[in-house]
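Letter by letter, the chains look like this.
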Amino acid sequence: MRSLFNILKNNKEYNIPLPVRASIWFTICSIMQKGIVLLTTPIFTRLLTTDQYGVYTIYQSWYQIIAIFATLNMYMGVYNNGVTKFPNDKNRYTSTLLGLSTVITVLIFIVFAININWWSDLLDLTPLLLGALFVQLLFDTAFQYWAAFQRYSYNYRPLVGVTIIIAIISPLLGIILVLISSHKAEARILSFLIVQSCVGIICYIYIMVKGRRFYLRKYWKYALVFSLPLIPHYLSGTILNQADRLMIASMVGKSEAAIYSVAYTVAMMMTVITNAINSSFIPYSFKELKRNSYQRIRKSSEFLLLLVAILCILAMIFCPEIISVFASEEYSDAIWVMPPIAASVFFMFLYTLFGNIEFYYEKTKFVAISSCLSAVINIILNSIFIRIYGYYAAGYTTLVCYILYSLMHYLFYKKIIMQKTTMKGIYNERLIFLLSLVILVIMLCMTFLYKYTVIRYCSLLILIISFIHWRKEIIEKVKEIKTMT
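Residues numbered from 1 in each chain as written. Predicted model: local features only at pLDDT ≥ 70, side-chain atom pairs only at ≥ 80, totals over all residues. Heavy atoms only, no water.

Engineer: Please give an account of the overall build of the chain that cites residues and values.
Structural biologist: Along the chain, the regular secondary structure elements total 21 helices and 0 strands. A separation threshold of at least 6 residues defines the contact pool for the chain, and within that pool the share at least 24 residues apart is 80%. (Helix = DSSP H or I, 4+ residues; strand = E, 2+ residues; numbered from the N terminus. Contact = heavy atoms within 4.5 Å.)

What follows is the structure in structure tokens.
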């Protein structure tokens, strides 16, 4: 690991610009973290009964929902705007936002604590797990602020080191505690909580010592005004990700929901890469927007869009092989659901590019409107087409919703840049349309070619030949990005 760092830092032949170098390491780190979780999942499903694993799943689901209200996800949205807007006061800004998150988390916990048994019955979680949930919220949020600060500063070494430690120690401790405990679901949850809290406490102290302010009215007001309108957006995103499986289980059956879930989970593995790319691209694009360097954003985004499109195409071509690796023969029908979900990943990444502009110019109401409409449309389409075509329809309703989601963000993005910039468009719209069309055409073709392995592999060969043919243009594009960053 150290030798890799030294090569990236010192070797002149590989003199990679800092933003690109940081993005590479953040991506590698995220892939390793999610990869270890994925690899250890079969272990825990065998160590825990289905009921015990169900408790763990319920805990994770409620954590994601309650976190929206307890933290307002400020480390994901308003934080990057603030450190860009107040570049000379980053430490105080970070500590005061952490202070605000702490206050909100404690207040929400008090609401739960007043009638803990009622909440315990409603959420199907024991009082112990509810308490653990809020401890995790408190300290994981501190870690997320610290991680966001490192990403903004392109300070990849400490973040990569800490996240790898968490990714390795947490499952190992989980396996040990599950083996020695009779309360195995609680042991699995508490193992992650222990590791996350130890890291989070250190991050909390570090941020407060550096910032030396818990409360600053200007920053609290700025964060609340920015973040509160986004609550429907975050909730809608959760619905958009979870509604398919819940409706399939209710309308068709649990086994069909399981098959769909396998396809969805495998396809969404690509979001590990796309989310890591966007997490690193946000601070870069915000800085360039502040400098009015729109051309730099345009060039960088072109390369990233092409990269994500290639990943989605490869996932669609190798779908049968990928499913066979991650699931048994009884899940083989998942191959017919995966192509539209894999295509959805491209449009998910696409809408984040438009959303970045909305976040920068603080047009959060646009984000909320798009999210709510997409979630409602998803539920309506599922209720109609799952009844007619079965669970296969859910993959295509998901794709339609993400296309509409991207289109709505695009329209809002166009409205913003007409008011705020001198350019007609920051992104290459012709390339976006072309890649979108290619993704959809290949998706339709693959659904007919999965039974013909030779033809699929010939498609891959054509893709490789095209890459070799256009290699000079691709290398030039990479060099352009390198010189700009």
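Engineer: Before we move on, can you summarise unusual backbone geometry with the specific residues and values?
Structural biologist: Positive phi, normally seen in glycine, also occurs at L72, with a value near 60°. Note on placement: L72 falls in the loop between α3 (50-71) and α4 (78-85). For L72, a relative accessible area of 5% translates into the label buried. Although it is not a glycine, R212 sits at a positive phi angle of roughly 60°. (Buried < 20%, exposed > 50% of the residue type's maximum accessible area, 1.4 Å probe, protein only.)

Engineer: An account of α4 is needed here, citing residue identities and associated values.
Structural biologist: Extensive coverage of α4 is indicated by the burial of 7 of its 8 residues. Buried residues of α4: V78, Y79, N80, N81, G82, V83 and T84, and no others.

Engineer: Just give me the short version of the packing of helix α18 (residues 392-420) against helix α19 (residues 429-449), but keep the residues and values in it.
Structural biologist: Orientation of α18 relative to α19, taken along the N-to-C sense of each, is 175°, at an axis distance of 14 Å. By the criterion of interaxial angle, the relationship of α18 to α19 is roughly antiparallel. Across the interface between the two elements, Y396, L399, I403, Y410, Y413 and K414 of α18 pack against E429, L440, M443 and T447 of α19. Per-class residue counts for the contact of α18 with α19 are 7 nonpolar, 1 polar and 2 charged. (Axes fitted to C-alpha atoms, helices over the stretch in contact; angles between N-to-C directions. Parallel < 35°, antiparallel > 145°, perpendicular 65-115°, else oblique. Nonpolar A, V, L, I, M, F, W, Y, C, P; charged D, E, K, R; others polar.)

Engineer: Can you lay out the packing of aromatic side chains for me, pointing to particular residues and giving the numbers?
Structural biologist: Applying the stated criterion across every chain, the model contains 25 aromatic pairs. Cluster of aromatic residues (ring-pair linked, three or more members): Y75, Y79, F86, Y93, Y145, Y219, Y222 and F226. (Phe/Tyr/Trp six-rings, centres within 6.5 Å; stacked < 30°, edge-to-face > 60°.)

Engineer: Any details on the environment of A394? Residues and values, ideally.
Structural biologist: Structurally, A394 can be placed in helix α18. On a C-alpha basis, the gap between A394 and I248 in space is 8.0 Å, while along the polypeptide they are 146 residues apart. When neighbours within four sequence positions are excluded, A394 is seen to be in contact with D244, I248, Y260, N382 and I386.

Engineer: Could you give an account of the side chain of S101, naming the residues involved and the relevant values?
Structural biologist: Residue placement: S101 occurs in helix α5 (residues 90-114). The buried category is assigned to S101, whose relative accessible area is 1%. Apart from the residues within four sequence positions on either side, S101 is in contact with A70, T71, M74, T141 and Y145.

Engineer: If you had to explain the pattern of salt bridges to someone new, which residues and values would you point to?
Structural biologist: Applying the stated criterion to the full structure yields 3 salt bridges. A salt bridge links D89 to R92; the nearest nitrogen and oxygen atoms lie 3.1 Å apart. Here D89 falls in the buried class, since its relative accessible area comes to 16%. Using a relative accessible area of 29% as the deciding quantity, one classes R92 as partly exposed. A salt bridge links R298 to E302, with the shortest nitrogen-to-oxygen separation between them at 3.9 Å. Of this pair, R298 and E302 both sit in helix α14 (residues 294-317), separated by 4 residues, roughly a single helical turn. The exposure class of E302 is buried, given its relative accessible area of 6%. (Salt bridge = Lys/Arg side-chain N within 4 Å of Asp/Glu carboxyl O.)

Engineer: An account of a nonpolar patch on the surface is needed here, citing residue identities and associated values.
Structural biologist: Among the surface-exposed residues, V376, I380, I384, F385, I388 and Y389 lie close enough to one another that they form a single nonpolar patch of about 580 Å² accessible area. Exposure remark for V376: the relative accessible area of 48% places this residue in the partly exposed category. (Patch = residues over 30% accessible without salt bridge, like charges linked within 9 Å, V, L, I, M, F, W, Y side chains within 5 Å. Areas by Shrake-Rupley, 256 points an atom, 1.4 Å probe, with all protein chains shown as cover.)

Engineer: For the confidence of the model for the chain, give the residues involved together with the corresponding values.
Structural biologist: On average, residues of the chain carry a pLDDT of 79, and 81% of them reach 70 or more. Confidence, expressed as mean pLDDT per element, reaches its minimum in the chain at helix α1 (residues 2-10) with 47 and its maximum at α5 with 92. Note on residues 1-5: pLDDT under 50 across the span, and 7 contacts to partners over four residues away in sequence or across chains. Residue range residues 481-485 is modelled with pLDDT below 50. Its contacts to residues more than four positions away, or to other chains, number 13 contacts. (pLDDT = per-residue confidence, 0-100.)

Engineer: Give a detailed account of the nonpolar core, specifying residues and quantitative values.
Structural biologist: Among the nonpolar cores identified, the biggest contains 118 residues, and Y93, L289, F346, I357, I426 and Y427 are the most heavily contacted of them. Ranked by residues supplied to this core, first place goes to helix α16 (residues 338-360) with 16 residues. Setting aside chain neighbours within four positions, we find Y93 in contact with V78, Y79, G82, V83, F86, Y219 and Y222. Of all hydrophobic cores here, the second largest spans 17 residues; its members include Y63, A67, A132 and I189. (Core = buried A, V, L, I, M, F, W, Y, C linked by side-chain atoms within 4.5 Å.)

Engineer: Pulling in residues and values, what's your account of the environment of S293?
Structural biologist: Locating S293 in the fold gives a position in the loop between α13 (270-290) and α14. With 133 residues separating them in the primary sequence, S293 and I426 have C-alpha atoms 9.5 Å apart.

Engineer: How would you explain helix α10 (residues 217-227) if you had to name every residue and give the values?
Structural biologist: Among the residues of α10, Y219, W220, Y222, A223, F226 and S227 are the ones counted as buried. All buried residues of α10 fall inside an arc of 165° around its axis, so they share one side. Turned more than 90 degrees off the buried face of α10, the exposed positions are R217, K218, K221 and V225. (Arc of directions from axis to C-beta.)

Engineer: Give a detailed account of the side chain of T163, specifying residues and quantitative values.
Structural biologist: With respect to the helices and strands, T163 occurs in helix α8 (residues 156-180). For T163, a relative accessible area of 6% puts it in the buried group. Of the polar contacts made by the side chain of T163, one reaches the backbone oxygen of L159; its length is 2.7 Å. (Polar contact = N/O pair within 3.5 Å; in protein donor to acceptor, adjacent residues only side chain to side chain.)

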